[in-house]
Each structure stands twice: as C-alpha cells, then as structure tokens.
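Chain and residue survey
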Amino acid sequence: MNGKTLAAALLGAALTLPALASAEEPMIKSIDVETSLNDLSNAEAAAYWKSLDTDLETAIAAQLVGRLADEGMDIKIDMSEVALASFFESAVGAESTMTGTVNVIDLTNNTNFKTFDLTVTMAQALPMMPPGTDITVIPPTSQEVYAGMVATFAAAVVERIDT
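Residues numbered from 1 in each chain as written. Predicted model: local features only at pLDDT ≥ 70, side-chain atom pairs only at ≥ 80, totals over all residues. Heavy atoms only, no water.

**Brief notes about a nonpolar patch on the surface**
How we decide: Here the term patch refers to residues with relative accessible area over 30% and no salt bridge, with like charges joined within 9 Å and nonpolar side chains (Val, Leu, Ile, Met, Phe, Trp, Tyr) within 5 Å. Computed with a 1.4 Å probe, the accessible areas rest on the Shrake-Rupley method; for each residue, only the protein chains presented here act as cover. By definition, a salt bridge exists where a carboxyl oxygen of Asp or Glu is found within 4 Å of a side-chain nitrogen of Lys or Arg. Helical segments are the DSSP runs of H or I of at least four residues, strand segments are the runs of E of at least two, and each set is numbered from the N terminus.
A cluster of nonpolar side chains, namely Ile105, Leu107 and Phe113, defines an oily patch on the protein surface of about 310 Å² accessible area. If you trace the backbone, isoleucine 105 turns up in strand 3 (residues 97–106).

Now the structure itself:
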C-alpha cells in the first residue's frame, strides 16, 4: 500500500467515526512533521519510511476530524529517530521504534503550548495491526507494521495533546 492509499484509508476510516469537538478540546490549525535522513537509523529504514512525514500528518489529521480549523494550535513534530529492527535484532530484544519531539503552539495565546518527547515501539503498535498478527514472524518492513506504527504514533500525539 503506498502513501496515498494509506492516507486515503486513514482519512476514510476517520470520517466514519463520530468526531465532534467539545469545548475542552483545542482546535488545530496545522500539522507539520519533519524527518531528516539523519533520523533514519539504516538504509532499509530510509527506503521504508520515505513517506513518513505525509503519512503521519494524515494519520494525525484523521484523529482530529472535527477539530481542524483556520484558527487554532499548530502541531510541529521533529522525528529524531526511526528504526527498523531486523529479525535477528528482534530476537535479542531490539524493537522497531519511532521517536520525535512534539511541539504544540497556539499563536494567539503564547501561554498555551506543550512540548514533549514521544517514542512508540512495535509492541505498542500491535493492537493497531490486523487481528492475529504475529510480530515474531511478520517482517518489520511489512505494510501492516508501517500502518500500525504510524497509527499508534498519531493516536499517542492526539492523546497527549488532549491531556
């Protein structure tokens, strides 16, 4: 599944969920994710995560349906590490991970901001994968792993913004 297909699938799924913003939930003006080549831990990860910026922005937007507006907070994410654990690395305890620093800024109210570091692991992404997925045999470069990691990171960003 390519990035455009993933983006359409995530957006479609989000539109089917009731997502009305309450007065307590902040409105979001923009979402910007940046991943530099230095953040990717190996060549395999660089090839695999090439559309991460767009896919993660789309996944976060899908979680915020009903809260996207012309005015509101800006979400800026600087990915600091993206790693794929090979089968052999996984056997000795290494995991695929995504790590980034999230900055949430309200340009109309400079006292309303949050900054936090966020790391998501393969184990945390398992509930986002199709039922019955066995992480001991699924390759870390599978589309299911990619979609699960992106969806888990997006959900964690929104959860942290709302708490």
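Here the narrative resumes.
**Description of the sheet that holds strand 1 (residues 28–35)**
Operational definition: Here the rule is simple: two strands pair whenever DSSP picks up at least two bridges between them. A fitted line through C-alpha atoms represents every axis, and for helices the fit uses only the stretch in contact; the resulting angles, taken between N-to-C directions, go from 0 to 180 degrees. By the convention used here, residues are in contact when the closest approach between their heavy atoms is within 4.5 Å.
If you trace the 4 strands from one edge of the open sheet to the other, you get 1-2-3-4, paired in mixed fashion. Two strands bound the open sheet, and with one partner strand each, they are strand 1 and strand 4 (113–121). Mean inter-strand twist for the sheet, computed between neighbouring axes without regard to direction, equals 15 degrees. Relative to strand 2 (residues 73–83), strand 1 is paired through 7 bridges, and the arrangement is parallel. Within strand 2, the residue paired with aspartate 32 across the bridge is lysine 76. Helix 6 (residues 143–162) rests against strand 2, strand 3 and strand 4 of the sheet, and its axis sits at about 150 degrees to strand 4.

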